[in-house]
Amino acid sequence: MATIAAHHARAALGGLIRSGRDGQTILRATGLPPKVLQLQHSRIDAQPMTALVQAIWEEMNDEFMGFTASPCKRGAFAFMARTAHRCDTLGEALQTGIEFYQLLTDDIRNQLVQQDDSAHIRVSLRRPELDPDHFLLEFWLIIWHRFASWLIDTKIPLQHTCLVHQSPAHANELHIMFPGPLQLGNTINQLSFHRDYLQRPIRRSDVELTDFLQNAPADLLTIPGDDTSLQRRINLHLMSRHATGHNLKFPDLRQLARHFNTSPQTLNRKLKQEGTSYQRIKDNIRRDMALQKLIREKRSVNEVAELVGFSEARSFTRAFRLWTGLSPREYCKLFAP
């Protein structure tokens, strides 16, 4: 049910458009209405975003999508993944993957550094000006984190994330992309996690690897593996309450804390450490559910308002405008055939 900010789709098209190709044709082929991408706060499903990235890869024969001086031919990631998959541990797999790209290109520099109890994946672009919206940099960091998590079938908690660029317009999305402490305007681009994860064995089968590569980058747009974060557990708890068929209704903070055998203060503190809050979790669930029921299920505005927990359609419309910049009816028209 999770959605992705349309910013990422707009940014993904940057290299293709700069090369002189027609972005509108690509969008039509993937079923993404161009007008949706023009809205500052609009969101899209992971499925059309996956189709968009795949279409750009094919059109340009470049897995770096035009954001580097030299292209990275289609199939490079698959070759790396198959090679890394043969390793015994995650640390060996990451080092193998990094060495592969070091031999393949000078446009992106990757490093695996171990210091004290932490492991750091560092990334730098040789010509960052070719990636003005930071799409490739952010996408590349996400690939390493989620591919590593996928290999060992466990979501690897990030100790912190550092990015060189200053706070962008999509800064709130960065907290979703990189859960945990996030520092912008740093001197390096770096993901950090506990080095013990480097000793975890590779758990994916050959069949799983084949499916993973056939669907790529679909499994890289969501966090794979056994996600044990508090945010994830709260999401599952709230959605299970809705699965009974009732309209969406959230417990107050005290009730939620009681369910997780903790205090409201501790629950708030732990969510803050994960880069989120209870209010943000509730808002994201309402927003994503509303978009799904309006666009996919073609429900009426009044029905969706009630389903996602609003007492009246007027309040729902105000919230929807904050999410997307449009009213529900205006947003639905963008997806009309």
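Heads up: the structure comes first, above all this text.
Everything quoted here is computed from the prediction, not taken from an experiment. (Residues numbered from 1 in each chain as written. Predicted model: local features only at pLDDT ≥ 70, side-chain atom pairs only at ≥ 80, totals over all residues. Heavy atoms only, no water.)

Chemist: Can you explain the sheet that holds strand β4 (residues 118–125)? Please cite residues and give values.
Modeler: Pairing is mixed in the open sheet, where five strands are placed in the order β3-β4-β7-β5-β6. Each edge of the sheet is formed by a strand with only one pairing partner; in this case those strands are β3 (108–115) and β6 (182–183). Pairing analysis gives two bridges linking strand β5 (residues 160–162) to β6, with the strands arranged parallel. Considered in β6, the bridge of Cys162 is made with Gln183. Each of β3, β4 and β7 (189–194) is contacted by helix α7 (residues 90–104), which is oriented at about 150 degrees to β3, the strand it contacts most. (Pairing = 2+ DSSP bridges. Helix = DSSP H or I, 4+ residues; strand = E, 2+ residues; numbered from the N terminus. Contact = heavy atoms within 4.5 Å. Axes fitted to C-alpha atoms, helices over the stretch in contact; angles between N-to-C directions.)

Chemist: Would you mind going over unusual backbone geometry in detail, with residue names and values included?
Modeler: The step from Ala216 to Pro217 runs through a cis peptide bond, and the omega angle for that step is 10 degrees. Positive phi is not limited to glycine here, since Met65 has a value of about 60 degrees. Mapped onto the elements, Met65 comes out in the loop between α5 (46–60) and α6 (76–85). For Met65, a relative accessible area of 0% translates into the label buried. Positive phi outside glycine occurs at Asp153, with the angle close to 55 degrees. Mapped onto the fold, Asp153 is located in the loop between α8 (135–152) and β5. Residue class for Asp153 comes out partly exposed when judged on its relative accessible area of 26%. (Buried < 20%, exposed > 50% of the residue type's maximum accessible area, 1.4 Å probe, protein only.)

Chemist: Lay out the side chain of Asp107 in plain terms, naming residues and giving numbers.
Modeler: Take Asp107: it is sitting in the loop between α7 and β3. At 3.1 Å, the side chain of Asp107 forms a polar contact with the backbone nitrogen of Ser70. Excluding residues within four positions of it along the chain, Asp107 makes contact with Thr68, Ala69, Ser70, Ser124, Leu125 and Arg126. (Polar contact = N/O pair within 3.5 Å; in protein donor to acceptor, adjacent residues only side chain to side chain.)

Chemist: Lay out the pattern of salt bridges in plain terms, naming residues and giving numbers.
Modeler: In the structure shown here, the tally under the stated rule is 13 salt bridges. For the salt bridge of Glu59 with Arg21, the shortest nitrogen-to-oxygen distance reads 3.4 Å. Of this pair, Glu59 sits in helix α5 while Arg21 sits in the loop between α2 (14–18) and α3 (23–30), and the two are 38 residues apart along the sequence. By relative accessible area, Glu59 is classed as partly exposed at 43%. Across the salt bridge formed by Arg43 and Glu173, the nearest N and O atoms sit 2.8 Å from each other. Taken together, the residues Arg43 in strand β2 (residues 43–45) and Glu173 in helix α9 (residues 171–177) connect sequence positions 130 residues apart. Comparing Arg43 with Glu173 shows no difference in burial state: the two are buried. (Salt bridge = Lys/Arg side-chain N within 4 Å of Asp/Glu carboxyl O.)

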